[in-house]
2 protein chains.
Amino acid sequence: MAIGLGLDVGGTKILACAVTDGGELVAETRVDSPRSPDLLLQTLVEGTDALLSLLPDGPRAVVGVGVGVPSLVTSDGTLYESPNLPALEGLPVHAAFAERLEVLSAATGGAGRWRLVIDNDGTCAVAGEFVFGAARGVTDVLLITLGTGIGGGVVAGGRLLRGARGFAGEVGHIVMDPAGPACHCGRRGCFEQLASGSAFARIARRAAAAGAADRVLELAGGDVEAVRGEHVLEAARDGDRGALALFDELAHNLAVGIANLAEVLDPGVVLVGGGLASAGELLIAPTVADFAVEDRRGRGPHAVPIALAGLGARAGAFGAAALALGLVS
Amino acid sequence: MAIGLGLDVGGTKILACAVTDGGELVAETRVDSPRSPDLLLQTLVEGTDALLSLLPDGPRAVVGVGVGVPSLVTSDGTLYESPNLPALEGLPVHAAFAERLEVLSAATGGAGRWRLVIDNDGTCAVAGEFVFGAARGVTDVLLITLGTGIGGGVVAGGRLLRGARGFAGEVGHIVMDPAGPACHCGRRGCFEQLASGSAFARIARRAAAAGAADRVLELAGGDVEAVRGEHVLEAARDGDRGALALFDELAHNLAVGIANLAEVLDPGVVLVGGGLASAGELLIAPTVADFAVEDRRGRGPHAVPIALAGLGARAGAFGAAALALGLVS
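Everything quoted here is computed from the prediction, not taken from an experiment.

(A) View of the overall build of chain A. A tally of helices and strands in chain A yields ten helices and twelve strands. Its C-alpha radius of gyration of 20 Å places chain A within 12% of the 20 Å reference for a compact globule of 329 residues. Along the first, second and third principal axes, the C-alpha set of chain A runs to 65 × 45 × 35 Å. Buried positions account for 54% of the 329 residues belonging to chain A. A sequence separation of at least 24 residues applies to 62% of the contacts in chain A between residues at least 6 apart.

(B) Geometry of the relation of the copies chain A and chain B. For the pair chain A and chain B, the relating rotation is 180°, the translation along its axis is 0.0 Å, and the fit reaches an RMSD of 0.0 Å. Classification of the inter-copy transformation places it as that of a two-fold axis. Interface residue correspondence from chain A to chain B reaches 100%, placing this contact among same-surface, isologous pairings.

(C) Here's a closer look at the sheet that holds strand 8 (residues 141–146) of chain A. Residues and elements named next belong to chain A. Spatial strand order, 10-9-8-11-12: five strands in an open sheet with mixed pairing. What marks the edges here is a single partner per strand, and that holds for strand 10 (159–160) and strand 12 (306–308). Across three bridges, the pairing between strand 11 (residues 269–273) and strand 12 is parallel. Looking at the pairing, V272 lines up with L308 of strand 12.

(D) A look at the interface of chain A and chain B. Taken together, the contacts link 37 residues of chain A with 37 residues of chain B. Considering each element in turn, the side of chain A that touches chain B owes the most residues, six residues, to helix 8 (residues 241–265) of chain A. Split into classes, the residues belonging to the side of chain A that touches chain B amount to 16 nonpolar, nine polar and twelve charged.

(E) Just the confidence of the model for chain A, in detail. Of all residues in chain A, 98% have pLDDT values of 70 or greater, and the mean over the chain is 93. Reported confidence for the predicted complex is 0.94 by ipTM and 0.94 by pTM.

(F) Structural detail: unusual backbone geometry. Positive phi values are uncommon outside glycine, yet D266(A) reaches one of about 50°. Position of D266(A) among the secondary structure elements: in the loop between helix 8 and strand 11. Positive phi values are uncommon outside glycine, yet E81(B) reaches one of about 40°. Mapping E81(B) onto the fold places it in the loop between strand 6 (79–80) and helix 2 (93–107). Overall, E81(B) belongs to the partly exposed group, with 17 C-beta atoms counted inside 10 Å.

(G) Representation of the packing of helix 3 (residues 121–131) of chain B against helix 10 (residues 315–324) of chain B in the model. All names here are of chain B. Taken N-terminus to C-terminus, the directions of helix 3 and helix 10 make an angle of 80°; their axes are 6 Å apart at the nearest point. Here helix 10 runs roughly perpendicular to helix 3, going by the angle between their axes. For the pair helix 3 and helix 10, contact is made by D121, C124, A125, V126, A127, G128, E129 and V131 and by A315, G316, F318, G319, A320, A322 and L323, respectively. Of the residues belonging to the contact of helix 3 with helix 10, the class tally is ten nonpolar, three polar and two charged.

(H) Focus on the environment of A195(A). All names here are of chain A. Checked against the element boundaries, A195 lands in helix 4 (residues 191–195). Look at A195 and you get buried, because 30 C-beta atoms sit within 10 Å. In sequence terms A195 and A98 are 97 residues apart; their C-alpha atoms lie 38 Å from each other.

(I) Structural detail: helix 9 (residues 281–294) of chain B. Residues and elements named next belong to chain B. For helix 9, spanning 14 residues, the distance from its first C-alpha to its last is 19 Å, which sits close to the expected 20 Å at 1.5 Å a residue. Inspection of helix 9 places L282, L283, T287, V288, D290, F291 and E294 among the buried residues, and these make up the whole buried set. Those residues of helix 9 that are buried lie in contact with helix 7 (229–237), helix 8 (241–265) and strand 12 (306–308).

(J) Up close: the sheet that holds strand 7 (residues 115–120) of chain B. Residue and element names in this part refer to chain B. Strand order in this open sheet of five strands is 3-2-1-4-7, and the pairing throughout is mixed. The open sheet has two edge strands, strand 3 (25–32) and strand 7, and neither has a second partner. The mean inter-strand angle of the sheet, taken between neighbouring strand axes irrespective of direction, is 15°. Bridge count between strand 2 (residues 13–20) and strand 3: seven bridges; the pairing is antiparallel. In the strand pairing of strand 3, A16 is matched with T29. With respect to the sheet, helix 3 is in contact with strand 1 (3–9), strand 4 (62–69) and strand 7, its orientation differing from that of strand 7 by roughly 110°.

(K) Focus on the pairing of strand 1 (residues 3–9) of chain A. All names here are of chain A. The buried fraction of strand 1 amounts to seven of the seven residues, a majority that puts the element mostly inside the structure. Residues of strand 1 alternate between two faces, with I3, L5, L7 and V9 on one and G4, G6 and D8 on the opposite face, all of them buried. Across six bridges, strand 1 lies against strand 4 (residues 62–69) in parallel orientation. Paired with G6 across the two strands is G66, which belongs to strand 4.

What counts as what
- Residues numbered from 1 in each chain as written.
- Chains lettered and ligands numbered in written order.
- Predicted model: local features only at pLDDT ≥ 70, side-chain atom pairs only at ≥ 80, totals over all residues.
- Helix = DSSP H or I, 4+ residues; strand = E, 2+ residues; numbered from the N terminus.
- Rg over C-alpha atoms; globule rule 2.2 N^0.38 Å.
- Buried ≥ 20, exposed ≤ 12 C-beta atoms within 10 Å, placed from the backbone.
- Contact = placed C-beta atoms within 7 Å.
- Least-squares fit on C-alpha atoms with pLDDT ≥ 70 in both.
- Pairing = 2+ DSSP bridges.
- Nonpolar A, V, L, I, M, F, W, Y, C, P; charged D, E, K, R; others polar.
- pLDDT = per-residue confidence, 0-100.
- Axes fitted to C-alpha atoms, helices over the stretch in contact; angles between N-to-C directions.
- Parallel < 35°, antiparallel > 145°, perpendicular 65-115°, else oblique.
- Expected span 1.5 Å × (residues − 1).

So this is what it looks like as structure tokens:
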């Protein structure tokens, strides 16, 4: 049995998991993400040490460390464009870890023994689902994570889709409506502006302001600006029609975006993860129904299944561990 | 030296090329595409025989046959969705060739020696550019062909992007404007409806009708319905402002579509081929300029080069030959 350490560096938390090659979670730690570059590097290295100290049998079975970051990562490990954690941009994560790993590696059976991988968090998440989660055994996988933005990753022909610079799999910035809301990327009507958690909250606030989501507005204390996705979810679970209509609108946008990506990638399965995925079938069922209308292959023998991601908030850390274990590349 | 035979089956013509593993064209034939399934199968097999008869040194160096078809091709060789040559749908091309190839193969050095590959024409075209054309040495390639529709293909990490069913690389059916023109695929505002040759002609007719393209209209004999891309190209070459504005509009749509695809695929180069590519720099220059605005990585150290495809109308046949030679898979 081999163990991989997977760190998922998020905008607010760092989740570290020790995972066996069989997918068993052996230990786990969670700390806040520091905002300063120096503290962030220190926390990453200390977090790894803390995780190692939790291993019942010590670090002997560990074969490497994977680090997922909310950044674009070039193939040489340089970090770019990290809007949710700007401290990461240009941070020498690879060098800092390499130094520490040499020490650890030497102390546990020989220098250079541990694998070190730094990768984009969406790429890590799809790696997690592919190796340990809901996409096991599927060679072509599209993961879409619906959170503040839209992230994701792609497995193509059994390998992670990386692209020429390591920037592939950015699924949130396809322009789907030139008249849509402005996006931080500089364009308009990106998929992310139509189907992310933030987009859903905006859609719900607009409906609440127009008097089309009274129950949702009530749950938000009568304040349109306070309306969040959670209020829509609560109302929809109670069967509120206004809230269900909002899920239908979100699902339509999601289905169009999935159909766009499916044309290019032809995935064997599409997984939906991220915060919004907690809505479960309230989101998936109308998405599947709309996809069957939108996509040329949404129905019939070549229909593409759309399902919930399986590893939840641990997908990124499990994927980083899978990369550290060398189970996917 | 090994030779591969590559057949590119188009809606109107079948082009067959015998190509060496060094990319040299040894022989070439061209016949009309029959519309009936039986005649089409017969023509494909006879076309191969005709090509073989043209080889100066006979068929000894031949190692296989590749056939590119304007259809979706499953990994087991079944042909689907072939709007430009419906006779191909469900046609047992693989079985017909396999039978003939067994005879040829046995007659030229041993049964089972020849490789047989049936593949989508866009996939073949990008294979051709990757192995023999403008994308040699680039591991991640996006080819976009602008003809009646928009086709294309993708190389990812040095391998053809195929997807779960073999349908990947359909780049023309990303919805870019829900208020755009209806597409034959059943959706609205697909990339194909905004930047293909047909779309360009429609844009030009609209401008001509509005009095914004007088020189173009004049070249079309004063008949708005007769306006074609060729008239715009001729006027633009003469420096006509109305015609140049039409190329700017086309280039904008193309740049947005390329930026969408680049987010997902992160290509090392984007090649533009197909009939519209004959416009050369009149199309490429404004596309590059617009892409630098549209794409987050359109400028700076990670800018993606956009260039003309190198093999012209022979890209598909050369790619089919490259597949037959086993130089890409």
